[in-house]
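# What the coordinates show
Listed here are the chains, written in short residue letters.
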Amino acid sequence: MTQAPVNVTVTGAAGQIGYALLFRIASGQLLGQDQPVRLRLLEIPQAVKAAEGTALELEDGAFPLLAGIDIVDDAKQAFDGTNVALLVGARPRTKGMERGDLLEANGGIFKPQGEAINAGAADDVKILVVGNPANTNALIAQAHAPDVPAERFTAMTRLDHNRALAQLAKKLGTPVSDIKKMTIWGNHSATQYPDIFNAEVKGGSAAEAVNDQNWLENEFIPRVAKRGAEIIEARGASSAASAANAAIDHVHDWVNGTPEGDWVSMGVPSDGSYGVPEGLISSFPVVCRGGAYEIVQGLEINDFSRSRIDASVGELTEERDAVRKLGLI
Ligand SMILES: NC(=O)C1=CN([C@@H]2O[C@H](COP(=O)(O)OP(=O)(O)OC[C@H]3O[C@@H](n4cnc5c(N)ncnc54)[C@H](O)[C@@H]3O)[C@@H](O)[C@H]2O)C=CC1
Ligand SMILES: O=C([O-])CC(=O)C(=O)O
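Residues numbered from 1 in each chain as written. Chains lettered and ligands numbered in written order. Predicted model: local features only at pLDDT ≥ 70, side-chain atom pairs only at ≥ 80, totals over all residues. Heavy atoms only, no water.

An unreviewed UniProt entry annotates the protein as Malate dehydrogenase originating from Saccharomonospora piscinae. Per UniProt, the comment on the protein under Sequence similarities (unreviewed entry) is "Belongs to the LDH/MDH superfamily. MDH type 2 family." (UniProt positions renumbered as here; feature names shortened; annotations may be inferred.)

Quick look at the site of ligand 2 now. Inspection of the region around ligand 2 gives Asn132, Arg163, His188, Gly228 and Ser239 as its neighbouring residues. His188 has a polar side-chain atom sitting 2.7 Å from an oxygen atom of ligand 2. The side chain of Ser239 places a nitrogen or oxygen atom 3.2 Å from an oxygen atom of ligand 2. For ligand 2, whose accessible area on its own is 270 Å², the fraction buried by protein is 70%. (Near = heavy atom within 4 Å. Polar contact = N/O pair within 3.5 Å; in protein donor to acceptor, adjacent residues only side chain to side chain. Areas by Shrake-Rupley, 256 points an atom, 1.4 Å probe, with all protein chains shown as cover.)

Considering the arrangement of structural elements, one finds Val268 in strand 12 (residues 264-269). Val268 sits in the buried class, given a relative accessible area of 0%. Each C-alpha atom of the pair Val268 and Thr183 lies 13 Å from the other, and the pair is 85 residues apart in sequence. (Helix = DSSP H or I, 4+ residues; strand = E, 2+ residues; numbered from the N terminus. Buried < 20%, exposed > 50% of the residue type's maximum accessible area, 1.4 Å probe, protein only.)

Moving on, we come to the side chain of Ser189. Here Ser189 shows up in the loop between strand 8 (183-185) and strand 9 (193-195). Judged by its relative accessible area of 18%, Ser189 is buried. Not counting the four nearest positions on each side in its chain, Ser189 is found in contact with Ala225 and Glu315. (Contact = heavy atoms within 4.5 Å.)

Turning next to the site of ligand 1. Taken together, 23 residues sit near ligand 1, with Gln16, Ile17, Glu43, Val130 and Asn132 positioned nearest. One nitrogen or oxygen atom from the main chain of Gly12 is found 3.2 Å from a nitrogen atom belonging to ligand 1. Between ligand 1 and the protein, one listed contact pairs a nitrogen atom with a side-chain N or O atom of Gln113 at 3.5 Å. Protein chains shield 81% of the accessible area of ligand 1, which is 870 Å² for the free molecule.

Right, let's get into the environment of Glu115. Positionally, Glu115 belongs in helix 4 (residues 99-120). The class for Glu115 is partly exposed, based on a relative accessible area of 33%. Separated by 154 residues in sequence, Glu115 and Pro269 have C-alpha atoms that sit 18 Å apart.

On to the pairing of strand 3 (residues 66-72). One ladder, built from 6 bridges, connects strand 2 (residues 37-42) with strand 3; its direction is parallel. The residue of strand 3 that forms the bridge with Val37 is Leu66. (Pairing = 2+ DSSP bridges.)

Another point: the pattern of salt bridges. Inspection of the entire model under this criterion finds 11 salt bridges. We note a salt bridge from Lys111 to Glu115, for which the minimum N-O separation is 3.6 Å. One end of the pair is Lys111 and the other is Glu115, both in helix 4 and 4 residues apart, which spans about a single turn. With a shortest N-O distance of 2.9 Å, Arg158 and Asp253 are connected by a salt bridge. Taken together, the positions of Arg158 in helix 6 (residues 158-172) and Asp253 in helix 10 (residues 241-256) put the pair 95 residues apart, joining distant regions of the chain. Members of the salt-bridge network, linked through shared partners, are Arg223, Arg227 and Glu230. (Salt bridge = Lys/Arg side-chain N within 4 Å of Asp/Glu carboxyl O.)

Here you go:
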């Protein structure tokens, strides 16, 4: 090991995404095969024992790149010196819970975590929020970390991006690797808009190759946007390995760059691009270079896409207004 270890904090480490995620981080798939990592696992006190169990298994993996594991139930300790923070733990919606209750309960988690990141994270910290509602949880954490550059707070829409690639590949009977420039716009929710009008298949227009507006509107978009519910229905539990896979993809590409001639989708603070109000954490097409991302500019947005993007961004605006009203941002 020649490089100094990078500190990676994972919250909700004893949960099902955590279980799928940690082993891949330890094996080098997050940051690269020459980069040692030190894991910091944050859990609520009742779940610390389970996280300790996962840590025993990580030890049994004898991963050459795993430089150490700490397990804590205190956010300040969890984020002290952290370089990469994966905020997975969140309060799930339970029966009878209104959206306002859900936002408030998550505010109780993401506000102190934002404060702890502000107080102790490394200068180069990169944050990915996975826990739902991911975009708005990211906004809450960001609001409480005024000393951290706002663009370091991102939300995960890479699972939606990957789902869209897979569904389009299936429709066209082509490998996923033939498809480039997929975009997810908006919120990680049922209003999200997977856009194939700017996507390419074997270098040509994906929308032209599909040429089926009925499939697009009535199969593809709802399938991608509601895939989480489809998985819950089939598995009896929400997506976990695919979510962990997407989290690995998101951070890997942010750190190591996106391939030439392609882009990925990330929930990032809007700079006003494509008419998305500045500051909302919304999904955009981005390219990553040198450890930073940039929103892809100049894409053509047709009327159909415009109305879909506006609907999802409208929902994000409502969520922001709701957490503002609750005093969470
Ligand atoms: N953005 C996306 O694409 C996706 C997001 N998700 C979301 O990811 C989250 C986690 O999913 P799972 O791992 O399946 O849930 P899970 O319920 O199996 O695990 C969540 C873990 O978080 C922990 N936790 C709760 N509050 C915490 C806090 N304040 N600090 C630290 N840990 C805390 C719990 O003890 C639990 O171990 C959920 O909110 C889920 O909806 C899931 C799939 C995709
Ligand atoms: O609905 C959930 O909790 C899981 C989720 O976000 C997804 O699978 O996209």
